Amino acid sequence: MRLALIGTPRSLGPVRPELEAVLPEDVSRIAFPSRVGVFPSDPAARDMQALGHFEAGLTAVEAGADALVLDTLGDYGLTALRSGAGVPVVGAGEAGMARAAALGRFAIVTVWPASMNFIPCDLLRLYDHAGVCTGIYNVGEEADLADLSGPDGYLGRIGEGAGDILARVRSSMARAVADGAEAILLGCTCMSSIAERLAEGAPVPVINPLAEAALRAVEAAREGTPCPAQTARLPAVRAMVDALADLPEEACPVCVLSERL
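Residues numbered from 1 in each chain as written. Predicted model: local features only at pLDDT ≥ 70, side-chain atom pairs only at ≥ 80, totals over all residues. Heavy atoms only, no water.

### Observations regarding unusual backbone geometry
Point 1. Although it is not a glycine, Arg-16 sits at a positive phi angle of roughly 45°.
Point 2. Take Arg-16: it is sitting in the loop between strand S1 (2–6) and strand S2 (28–32).
Point 3. Look at Arg-16 and you get buried, because its relative accessible area is 1%.
Point 4. With a phi angle near 65°, Asp-128 is a residue other than glycine that sits in the positive phi range. (Helix = DSSP H or I, 4+ residues; strand = E, 2+ residues; numbered from the N terminus. Buried < 20%, exposed > 50% of the residue type's maximum accessible area, 1.4 Å probe, protein only.)

Okay, here's the thing in C-alpha cells:
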C-alpha cells in the first residue's frame, strides 16, 4: 500500500521513520511536499497553503497513492481533497482530536506561540471538540518564529529532541494534567519525532496526531470505501500553484524538520 504524506518534503532519509513502528510492514510512506512556500502564520496564509496541499494531494493520486495523510495539524486543504481525490484522505488534526476526545477531556500542548492558536481553535470548533478541550498550552514564544530554520534553529532543536525543548513540553504537559486534562494532544506534526519520548512516563495518554491519521488512512484504504475522483482539475490547480512556487520560500516547520532527520 502506498501512503502519501502530504506536506512532507522528500528527503535523503526515510520519510517519517517514527511511523514505521505503528504501520503495517506492507505500507510504504511517500512524501509529497507542498510547492507553496508560505508559512501559515495568519488565516490568509493558511488558506494559501491549503491550495499547495490540495495540489500536492492530487499529484499524489496521479502518482498512484492509495491513501493521503495531511502532515499538518492544520488540515490544510482537507475538504477540497476529500471531495475530489478519489482515495481516502485523513487530516492529522481531525484524527488526533477525535482520538483525544474519545479519551475524555484533553489539552493541546504545542511548540508554537499563542499567535498560532487560531489554527487549533478553528479546528476545535469545526470538529465540535471545543467543549472537551481544557486549553491550549504554548511552549513556544513569539521570538521563536524569527529563528525557525538553520543549524541551531528552533525547529531543528525540536526535531533533535533538545533537552530544553523536551523539558518545556513536559512542563506544559504537567500543567495541563494538573488543570484536569485526561489526555494530551501534541499540537504540531513537527512533534511527531519526539512523541514517543514525550509519552514515556506521562500520567495520561499522549496523542501523536500524525500517527493517528496514518493508521486511520490505512484502515480506510483497506476497507475500500469508494470516494469521488476529480483529478481532471489538477492542471488548473497546478497552474495556480506554479504562480506561487517561484516566490521566496518562508520558513516551513515540516520542511525544516524533515531536512534534519
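### Overview of the packing of helix H3 (residues 92–102) against helix H8 (residues 209–223)
Point 1. Following both chains from N to C, one finds H3 and H8 inclined at 100°, their axes separated by 7 Å at the closest point. If you check the angle between H3 and H8, you find them roughly perpendicular. Across the interface between the two elements, Ala-92, Ala-95, Gly-96, Ala-98 and Arg-99 of H3 pack against Pro-209, Leu-210, Glu-212, Ala-213 and Arg-216 of H8.
Point 2. A class-by-class count of the residues in the contact of H3 with H8 yields six nonpolar, one polar and three charged. (Axes fitted to C-alpha atoms, helices over the stretch in contact; angles between N-to-C directions. Parallel < 35°, antiparallel > 145°, perpendicular 65-115°, else oblique. Contact = heavy atoms within 4.5 Å. Nonpolar A, V, L, I, M, F, W, Y, C, P; charged D, E, K, R; others polar.)

### A short note on the sheet that holds S2
Point 1. Across the sheet, four strands lie side by side as S2-S1-S3-S4; this open sheet has parallel pairing. The open sheet has two edge strands, S2 and strand S4 (89–91), and neither has a second partner. Shown here is a sheet whose adjacent strand axes are inclined to one another by a mean of 25°, direction ignored.
Point 2. Judged from the four bridges that link them, S1 and strand S3 (residues 67–70) form a sheet pairing that is parallel. Pairing of Leu-3 across the sheet is with Ala-67, part of S3.
Point 3. With respect to the sheet, helix H1 (residues 43–62) is in contact with S1, S2 and S3, its orientation differing from that of S1 by roughly 165°.
Point 4. Running at roughly 165° to S3, H8 makes contact with S1, S3 and S4 of the sheet. (Pairing = 2+ DSSP bridges.)

### Focus on the sheet that holds strand S7 (residues 183–186)
Point 1. Strand order in the open sheet made by the four strands is S6-S5-S7-S8, with parallel pairing throughout. Pairing within the sheet leaves two strands with one partner each, and these edge strands are strand S6 (133–138) and strand S8 (206–207).
Point 2. One ladder, built from five bridges, connects strand S5 (residues 106–110) with S6; its direction is parallel. If you follow Ile-108 over to S6, its bridge partner there is Ile-136.

### What about the nonpolar core?
Point 1. Residues Ile-6, Leu-68, Leu-81, Phe-106 and Ile-108 are the most contacted members of the largest nonpolar core, which totals 35 residues.
Point 2. Of the residues forming this core, the biggest block, six residues, is contributed by H1.
Point 3. Residue contacts for Ile-108: discarding those within four places in its chain leaves Met-97, Pro-120, Leu-124, Cys-133, Gly-135, Ile-136, Tyr-137, Leu-185 and Gly-187.
Point 4. Listed in part, the 28 residues of the second largest apolar core include Phe-118, Ile-119, Cys-188 and Ile-194. (Core = buried A, V, L, I, M, F, W, Y, C linked by side-chain atoms within 4.5 Å.)

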